[in-house]
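A closer look at the structure
As a plain string of letters, each chain reads:
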Amino acid sequence: MSNKKIGYIWSNNLIKECNRIPCVKFRSSYVHELIKSYNLLNFIKIIESKLANLSDLRLFHSSDYLDQLKKIQLNYYEENDIQGDENDLEYGLGYDCSPIERIWDLSITIAGGTLEGIKSILSGDCDVVINWNGGWHHAERDEAKGFCFINDIAIGIQKLREKFQRVFYIDLDVHHGDGVENAFACTKRVFTLSFHQYENGFFPGTGSIKDCGFGPGLGYAANFPYCENISGLLYVKYFKIVTQLIKDKYKPDVCVIQCGGDVIAGDKLGNANLIPNDLGCCIDEIMLWNLPTIFLGGGGYNIQNTAKYWTYLTSKIIKQEISNDIPDHPYFLEYGPDYDLSVQRKNIKDLNLEKNLQENVRIITENLIKYSVCDIYSILLFYLFI
Ligand code: FE2
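Residues numbered from 1 in each chain as written. Predicted model: local features only at pLDDT ≥ 70, side-chain atom pairs only at ≥ 80, totals over all residues. Heavy atoms only, no water.

Examining the pattern of salt bridges
For the coordinates displayed, the defined rule picks out 15 salt bridges. A salt bridge links Lys36 to Glu33; the shortest N-O distance between them is 3.7 Å. Taken as a pair, Lys36 and Glu33 lie in helix 2 (residues 27-37) at a separation of three residues, close to a single helical turn. Look at Lys36 and you get partly exposed, because its relative accessible area is 40%. With a closest N to O distance of 3.0 Å, Asp284 and Lys316 form a salt bridge. With Asp284 in helix 9 (residues 276-288) and Lys316 in helix 10 (residues 303-317), this pair connects stretches of sequence that are 32 residues apart. Using a relative accessible area of 28% as the deciding quantity, one classes Asp284 as partly exposed. With relative accessibility at 22%, the residue Lys316 sits in the partly exposed group. (Salt bridge = Lys/Arg side-chain N within 4 Å of Asp/Glu carboxyl O. Helix = DSSP H or I, 4+ residues; strand = E, 2+ residues; numbered from the N terminus. Buried < 20%, exposed > 50% of the residue type's maximum accessible area, 1.4 Å probe, protein only.)

This is the structure in structure tokens:
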């Protein structure tokens, strides 16, 4: 068992509200019930999720955008009309982010969950916090995007900055962590690193290897794009190289890790060929750093696989081995016919060439030197020892 103080964000309301998110209906219950069925909650401090307030949301989002969310909720009560007004689309509230009933309530619930986790890190009550209901990385300051109405990550990082000088954000979702990167592109105090599928037509279309921040934050963002069907062999290898490199040079005080479940094989939207064990190796690496860390959820559109993945990660974080035989619980029958916690890898060729991934590392390294995140001698030392 881990000797770290580990917190797990939960409340009945958090589960009930997150079960309503249209793209991942009932996922919140699937995840929580599976974790509970393995008795993993016995090893974690449960932190009750609370609601965020307006000033919390204003840590990142614009007043105009938040007014629009409130207006949509009010219209629903007064006129039973789910739409706000003609401004909805201007704020991204359409297409994949169509307004839903009690959109404001959902937003303050999601942000409130992540904020409670951040507060327990700030107070020292916990060294590590898990909030699988957080991780909505696409929302912009004044725009909903990619199923995300509220960017709980950007709000949480803003709160973390009250105490910590250097925040390392790592985004493992199969989609680029655009909203978080954009939020902190102009500051040195947050280093954002996103690993993601990057191909023509693949959402959101940003996160090229060349993008590395703006203005005073130039050099303090990095992207590691890959092609479809990336295998665990390559992913874990390059994850370790790149994260170790940045961690050693940036010297963060705290880490925020987005663990979107759409990176797992069999996702409806993602095309990576990774299994929970691969990402478990990555999480092991992060845990070795012994830094205060917040693990968040994100995408994950194969509900069963995402529940398996986050349950497995929870067991890794608390260092409890669990059986592959899924225990009886309310969603047990959804895991048939094998009722096995493991996820099968696709029998398909990895389209990534190692030389392209090496080129990613070269460019990221070059940027770290070019923008003075570190000097060339410390980089040479790093390569000498890996
Ligand atoms: Fe995603």
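From this point, the discussion proceeds with the structure in view.
Thoughts on the nonpolar core
The tendency in soluble globular proteins is for nonpolar side chains to be buried side by side. Residues Trp132, Leu160, Ile170, Phe195, Ile246, Ile283 and Phe295 are the most contacted members of the largest nonpolar core, which totals 122 residues. With residues up to four places along the chain from it excluded, the contact list for Phe195 reads Ile170, Asp171, Leu172, Asp173, Phe224, Tyr226, Tyr235, Tyr238, Phe239, Val242 and Thr243. (Core = buried A, V, L, I, M, F, W, Y, C linked by side-chain atoms within 4.5 Å. Contact = heavy atoms within 4.5 Å.)

Side note on the packing of aromatic side chains
With the rule as written, the count across this model stands at 15 aromatic pairs. Arranged with centres 6.0 Å apart and planes meeting at 10 degrees, the rings of Phe168 and Trp289 form a pair that is stacked. You can see Phe168 sitting in strand 4 (residues 167-171) and its partner Trp289 sitting in the loop between helix 9 and strand 8 (293-296), a full 121 residues away along the chain. Looking at Phe168, the relative accessible area reads 0%, which means it is buried. By relative accessible area, which is 10% here, Trp289 ends up buried. (Phe/Tyr/Trp six-rings, centres within 6.5 Å; stacked < 30°, edge-to-face > 60°.)

Topic: the coordination of the iron ion
Taken together, the protein ligands of the iron ion are Asp173 (OD), His175 (ND1) and Asp262 (OD), with distances of 2.0 to 2.2 Å. The sequence pattern describing where the donors of the iron ion fall on their chain is D-x1-H-x86-D. Taken together, the residues span a long stretch of sequence, with His175 in the loop between strand 4 and helix 7 (178-183) and Asp262 in the loop between strand 7 (254-258) and helix 9 at a distance of 87 residues. According to the relative accessible area criterion, His175 is buried, its value standing at 5%. (Donors = N, O, S within 2.8 Å, 3.2 Å for Na, K, Ca; no water.)

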